Amino acid sequence: MKLATYKDGSRDGQLVVVSRDLATAHYASAIATRLQQVLDDWNFLSPQLEDLATTLNHGKARHAFAFEPARCMAPLPRAYQWADGSAFVNHVELVRRARNAEMPASFWTDPLMYQGGSDDFLGPHDDIAGASEDWGIDFEAEVAVITGDVAMGTSADAAIESIRLVMLANDVSLRNLIPAELAKGFGFFQSKPATAFSPVAVTPDELGAAWRGGRLHLDLESTWNGARAGLCNAGPEMTFHFGQLIAHLCKTRNARAGSIVGSGTVSNKDWTRGYSCIAEKRAIETIEGGAPKTPFMRFGDSIRIQMKDADGASIFGAIEQQVARG
C-alpha cells in the first residue's frame, strides 16, 4: 500500500491512502488519523489500511478523490528519530579523494551515520529556505525507510523485517558550513537543515522484485533546474543494506516505531550516470581537472527527485522543491 499525509493545519497532518498509480486517494480517518498511530499499532491497523488500499486500487472506494502531491507533508511529518547513513561508500571515497584525504579501511566495514533533526521535516513541495547562498546549498537524493520497534542488538538480517515503509529523501546540506562544524569534532548540526521526503511512503511489497536484500534496485533520478543531473541506481553499489544500517543504529540502543533511516547520497562508480548531489560532481571535477567548476544552488533553483518502476511509472511521487531566501 501507499500512504501519504495531507496538510490540515496541524503538526501531524491527516493520513491518506493513495492508489498504486498515484491518481486517487482516500482519507484513512475511520482507521487512523496519523501515520504514527499506525506505526505504533502496525499489526492491528495496517491490515485495515491494506483493505482500504485494495478497494481504492479497484476503483470501488466511495469517497475517493484526486491525489494532489502539493498538499502533502512528509509522510511522517515529525519522527522520533532520523538517522542518516552514508551507505554508498563510493560517494565518500570520491569526496575524500578530491581533497587528498586517505580513505580509512574501516569505512568499508563499519557504516557512517549521523543523527539529524526530526522535529520539522519538509513536505515534497516545500521550499528549501536559506539565509545566504554563501552557505553552499546542495541537494542529496536518497532512499529512506521507516521502521517499527527494533530491539538493541538486533541482527542485520532480522532488522530488515522491521522495515514498514520505504520513501525518498532530499537530505539538504549546507556544504560551506560543514568543514568548520566537523573541525569541532562533534559532527553535523547547522549544516544539516530540514530534510524533505517524497509525497508517499510505500510498503516493501509494493516494490516487487526491485526490493531485495534490504536494497532498492531501481534508478533514482535527480533533475536540477530542468536538466537531469543523475540517474543513479540505488541497488548493487549500496555497500551497507538497510538491515545493516538499522543494526548499526541499534548496536547500543533500541529504535522505536517511527524511526527513519536514510541511505545517504546514492552514488555509482560509473560517472556517466551523473550525480545525486552537487558535492560529488565538484569532487569529480577536482579529480579530473584540479578544481571544482559547478556552483552550488542559488535562490530560485529547482530540484526534482523521483524513482520510476520498470514500466516508467512514478512509485513515490516526486520531490519538487525550490530554493528560497529564508
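Above this text you will find the structure in question.
Residues numbered from 1 in each chain as written. Predicted model: local features only at pLDDT ≥ 70, side-chain atom pairs only at ≥ 80, totals over all residues. Heavy atoms only, no water.

A. View of the overall build of the protein. The number of helices and strands found in the protein is seven helices and 20 strands. On C-alpha atoms alone, the protein measures out to a radius of gyration of 19 Å, which is about the 20 Å that the 2.2 N^0.38 rule sets for 326 residues. Along the first, second and third principal axes, the C-alpha atoms of the protein reach 60 × 45 × 35 Å. Sorting the 326 residues of the protein into buried and exposed places 56% on the buried side. Taking the contacts inside the protein whose residues are at least 6 apart along the sequence as the reference set, 74% of them involve residues at least 24 apart. Only carbon and sulfur atoms are counted for the fraction: they give 48% of the accessible area of the protein, which is about 14200 Å². (Helix = DSSP H or I, 4+ residues; strand = E, 2+ residues; numbered from the N terminus. Rg over C-alpha atoms; globule rule 2.2 N^0.38 Å. Buried < 20%, exposed > 50% of the residue type's maximum accessible area, 1.4 Å probe, protein only. Contact = heavy atoms within 4.5 Å. Areas by Shrake-Rupley, 256 points an atom, 1.4 Å probe, with all protein chains shown as cover.)

B. Representation of unusual backbone geometry within the structure. Here the phi dihedral of L22 falls at roughly 65 degrees; this positive angle occurs in a residue that is not glycine. Mapped onto the elements, L22 comes out in the loop between β2 (14–18) and β3 (24–27). Exposure remark for L22: the relative accessible area of 14% places this residue in the buried category. In this structure, N100 is a non-glycine residue whose phi angle is positive, near 60 degrees.

C. Summary view of the pairing of β2. Along β2, five of the five residues are buried, which leaves the element largely enclosed by surrounding structure. Side-chain alternation along β2 places Q14, V16 and V18 on one buried face and L15 and V17 on a second face that is also buried. Sheet topology places strand β1 (residues 2–6) next to β2; five bridges connect them, and they run antiparallel. The partner of K2 across the bridge, within β2, is V18. Pairing of β2 with β3 involves three bridges; the strand directions are antiparallel. Counted as the bridge partner of V18 is A25 from β3. Between β2 and β3, which follow one another and run antiparallel, lie five residues, and L22 among them has a positive phi close to 65 degrees. (Pairing = 2+ DSSP bridges.)

D. The arrangement of the pattern of salt bridges in detail. Scanning the entire structure with this criterion turns up 12 salt bridges. Across the salt bridge formed by R78 and D12, the nearest N and O atoms sit 2.8 Å from each other. Separated by 66 residues along the polypeptide, R78 in the loop between β4 (65–66) and β5 (81–85) and D12 in the loop between β1 and β2 bring together distant segments of the chain. With its nearest N and O atoms 2.9 Å apart, the salt bridge here joins D171 to K192. (Salt bridge = Lys/Arg side-chain N within 4 Å of Asp/Glu carboxyl O.)

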